[in-house]
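# Architecture at a glance
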Amino acid sequence: MRYSLTCGNGCAIQDWPDQIPGIGWEQGTELDWLRRLVSYWAYEFDWRGWERRLNAFNHFTWEGIHFVYQRATSGKGVPLILTHGWPSSFLDYVDMLPMLEPFDVVVPSLPGYGFSPRPAKVGITTDTSRSTGTGSCLSSDIPAMVRAVMTLGPG
Amino acid sequence: MSELGYSRYGASGYDFGAGVTTILALDHPTSVIGIHLTTLESDLAPVVDSTELSDVERSCLAANRGWETTERGYSAIQSTKPQTVGYGLNDSPAGLAAYVGEKWHSWSDVMPTDDFLCATLTLYWITQSITSSMRDYWDNRWHPVDPSYVSTPTAFGVFAHQTVSEGELPRSYLERLYNIQRWTVFPSGGHFAPAEEPAAVAGDLTAFFRGLR
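An account of the accompanying structure is given in this report. (Residues numbered from 1 in each chain as written. Chains lettered and ligands numbered in written order. Predicted model: local features only at pLDDT ≥ 70, side-chain atom pairs only at ≥ 80, totals over all residues. Heavy atoms only, no water.)

## Side note on the overall build of chain B
- Helix and strand counts for chain B stand at ten helices and four strands.
- Sequence-ordered secondary structure for chain B, helices as α and strands as β, is β-α-β-α-α-α-α-α-α-β-α-β-α-α.
- Principal axes of the C-alpha set define a box for chain B whose edges measure 50 × 50 × 35 Å.
- Counting every position in chain B, which comprises 213 residues, the buried fraction comes to 59%.
- A separation of at least 24 residues holds for 76% of the contacts in chain B among residues at least 6 apart in sequence.
- Element-wise, carbon and sulfur atoms account for 52% of the exposed surface of chain B, whose accessible area totals about 8,200 Å².
- The distance from the centre of the 13 positive side-chain charges to the centre of the 25 negative ones in chain B is 4 Å. (Helix = DSSP H or I, 4+ residues; strand = E, 2+ residues; numbered from the N terminus. Buried < 20%, exposed > 50% of the residue type's maximum accessible area, 1.4 Å probe, protein only. Contact = heavy atoms within 4.5 Å. Areas by Shrake-Rupley, 256 points an atom, 1.4 Å probe, with all protein chains shown as cover. Lys, Arg positive; Asp, Glu negative; His and termini not counted. Charge placed at Lys NZ, Arg CZ, Asp CG, Glu CD.)

Dropping the structure here:
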């Protein structure tokens, strides 16, 4: 895992392709938009701030699957599993978590995304249990994961 | 889970997360109280004879097919040769930002802040997970799932700009696959609804599951 962006100097000497003037996003990511974003990422973005923010949540792994767990303010709520998509991550839910006080929330990282490694084999689908049965799939892991998380202490 | 007093739970998701959520309900119908989706997982679409479709359904599906032609190239490459794409994306922050950023730009209605987008990019970058994330498309292509009717109570949070801007899939179409108990149309938000409109999604989740307890 690389902990630094290593982006700073690289971005400064990035060779940008040309773009047809006025074409906007029609052929893909717009050049000026990307240059601005990458410059922001390299020189202004505060990942350390995000680390502090993310460290305020409870993180666990279960059978290699990373998840954030937030217990209901009452101490016991209805378990609720929130699963992101592509190209995204568990970060989609961090703004929402404070708004879900009634629930015991479990936010997994899909296998192969962010802090959940993807098993190094083929056939990892949304439904491995129904197709080839060759791998660990999130939907078949969730029940046991929920069971495991519910044995954790408050907080 | 019943021995722990947590016999039942709810689930929500979009995109691949909608797939995981749907399969969870199909595999564990007695444990899953209800599911809440903000997009359909495209591989889990109802199987319908075209003669059974209404005009509204037909026009929405036609819009979908138009989208497939102009916007689905990423899926074609990721479901066939994800490894080849992965080398460049894993090696260049600008390349990764271009590839991921294009999808966020195209598929969201309320574009997240640069700060959020860069946090997502950083997560992919430091964990070097863009290639493994793309393998979802390969695995789902070659190991497809047969959708069957989901009798678990289902809520759809309908965010108008869901990838296909021409039109949201009609409720009648999704009712061919899901036992829809709640259908809420939101004025803004898109594919990444939880990140784009967290308060709207949280409110919808709370209202739906409160009614199911």
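## Comments concerning the interface of chain B and chain A
- The partner chain A presents 73 residues to the 85 residues of chain B that form the contact.
- Overall, the association of chain B and chain A removes approximately 6,700 Å² of surface from exposure, summing both partners, and the carbon and sulfur fraction of that is 67%.
- Put simply, chain B and chain A have three salt bridges between them.
- For Arg118(A), the salt bridge goes to Asp139(B), with nearest N and O atoms at 2.8 Å.
- Across the contact surface, chain B and chain A share 25 residue pairs in polar contact (both at pLDDT 80 or more).
- Broken down by element, the residue count for the side of chain B that touches chain A peaks at 14 residues, all from helix α6 (residues 114-127) of chain B.
- For the side of chain B that touches chain A, the residue count by class is 47 nonpolar, 25 polar and 13 charged. (Buried area = accessible area lost by both parts, 1.4 Å probe. Salt bridge = Lys/Arg side-chain N within 4 Å of Asp/Glu carboxyl O. Polar contact = N/O pair within 3.5 Å; in protein donor to acceptor, adjacent residues only side chain to side chain. Nonpolar A, V, L, I, M, F, W, Y, C, P; charged D, E, K, R; others polar.)

## Quick word on helix α3 (residues 47-55) of chain A
- Of all the positions in α3(A), only Trp47(A), Gly49(A), Trp50(A) and Leu54(A) are classed as buried. Burial along α3(A) is one-sided: seen end-on, the buried residues are contained in an arc of 150°. Those residues of α3(A) that are exposed and angled more than 90 degrees off the buried face are Arg52(A) and Asn55(A).
- For α3(A), the elements touching its buried residues are β1 (58-62) of chain A together with α6 of chain B. (Arc of directions from axis to C-beta.)

## What to know about the nonpolar core
- Membership of the largest hydrophobic core comes to 100 residues, with the highest contact counts inside it found for Trp50(A), Leu82(A), Trp86(A), Leu91(A), Leu96(B) and Tyr178(B).
- The dominant element in this core, judged by the number of residues it contributes, is α6(B), at nine residues.
- Once residues within four sequence positions are removed from consideration, Leu91(A) is found in contact with Trp50(A), Leu54(A), Phe116(B), Ala119(B), Thr120(B) and Leu123(B). (Core = buried A, V, L, I, M, F, W, Y, C linked by side-chain atoms within 4.5 Å.)

## Some details on the environment of Ser74(A)
- Note on placement: Ser74(A) falls in the loop between β2 (65-70) and β3 (78-83).
- As a C-alpha pair, Ser74(A) and Phe103(A) span 29 residues in sequence and 8.9 Å in three-dimensional space.

## Details of the environment of Pro102(A)
- Within the secondary structure layout, Pro102(A) lies in the loop between β3 and β4 (103-108).
- A sequence separation of 30 residues divides Pro102(A) from Ala72(A), and the C-alpha atoms of the two residues are 5.2 Å apart.

## Focus: the sheet that holds strand β4 (residues 178-190) of chain B
- Read from one edge of the open sheet, eight strands run β1(A)-β2(A)-β4(A)-β3(A)-β1(B)-β2(B)-β3(B)-β4(B), paired in mixed fashion. Two strands bound the open sheet, and with one partner strand each, they are β1 of chain A together with β4 of chain B. The average undirected angle you get between the axes of adjacent strands in this sheet is 20°.
- As judged from the nine bridges shared by strand β3 (residues 150-161) of chain B and β4(B), these two strands associate in the parallel manner. Bridging across to β4(B), Val150(B) finds its partner in Tyr178(B).
- Packed onto the sheet, helix α1 (residues 16-27) of chain B meets β3 of chain A together with β1 (9-13), β2 (32-37), β3 and β4 of chain B and runs at close to 155° relative to β2(B). (Pairing = 2+ DSSP bridges. Axes fitted to C-alpha atoms, helices over the stretch in contact; angles between N-to-C directions.)

## Overview of the pairing of β3(A)
- In terms of residue burial, β3(A) counts as a mostly covered element, since six of its six residues are buried.
- The two faces of β3(A) match: Val78(A), Leu80(A) and Leu82(A) on one face and Pro79(A), Ile81(A) and Thr83(A) on the other face are all buried.
- Of the strand pairs in this sheet, β3(A) and β4(A) are connected by four bridges, and their pairing is parallel. The residue of β4(A) that forms the bridge with Ile81(A) is Val106(A).
- Taken together, the four bridges between β3(A) and β1(B) define a ladder with parallel strand orientation. What sits directly across from Ile81(A), in β1(B), is Ala11(B).

## Things to note about the packing of helix α2 (residues 31-43) of chain A against helix α5 (residues 93-107) of chain B
- Following both chains from N to C, one finds α2(A) and α5(B) inclined at 120°, their axes separated by 10 Å at the closest point. For the pair α2(A) and α5(B), the crossing hand works out as right-handed. Counted together, Trp33(A), Leu34(A), Leu37(A), Val38(A) and Trp41(A) of α2(A) and Pro93(B), Ala94(B), Leu96(B), Ala97(B), Ala98(B), Gly101(B) and His105(B) of α5(B) form the full contact between these two elements. (Left-handed = near helix turned anticlockwise from the far one by under 90°.)

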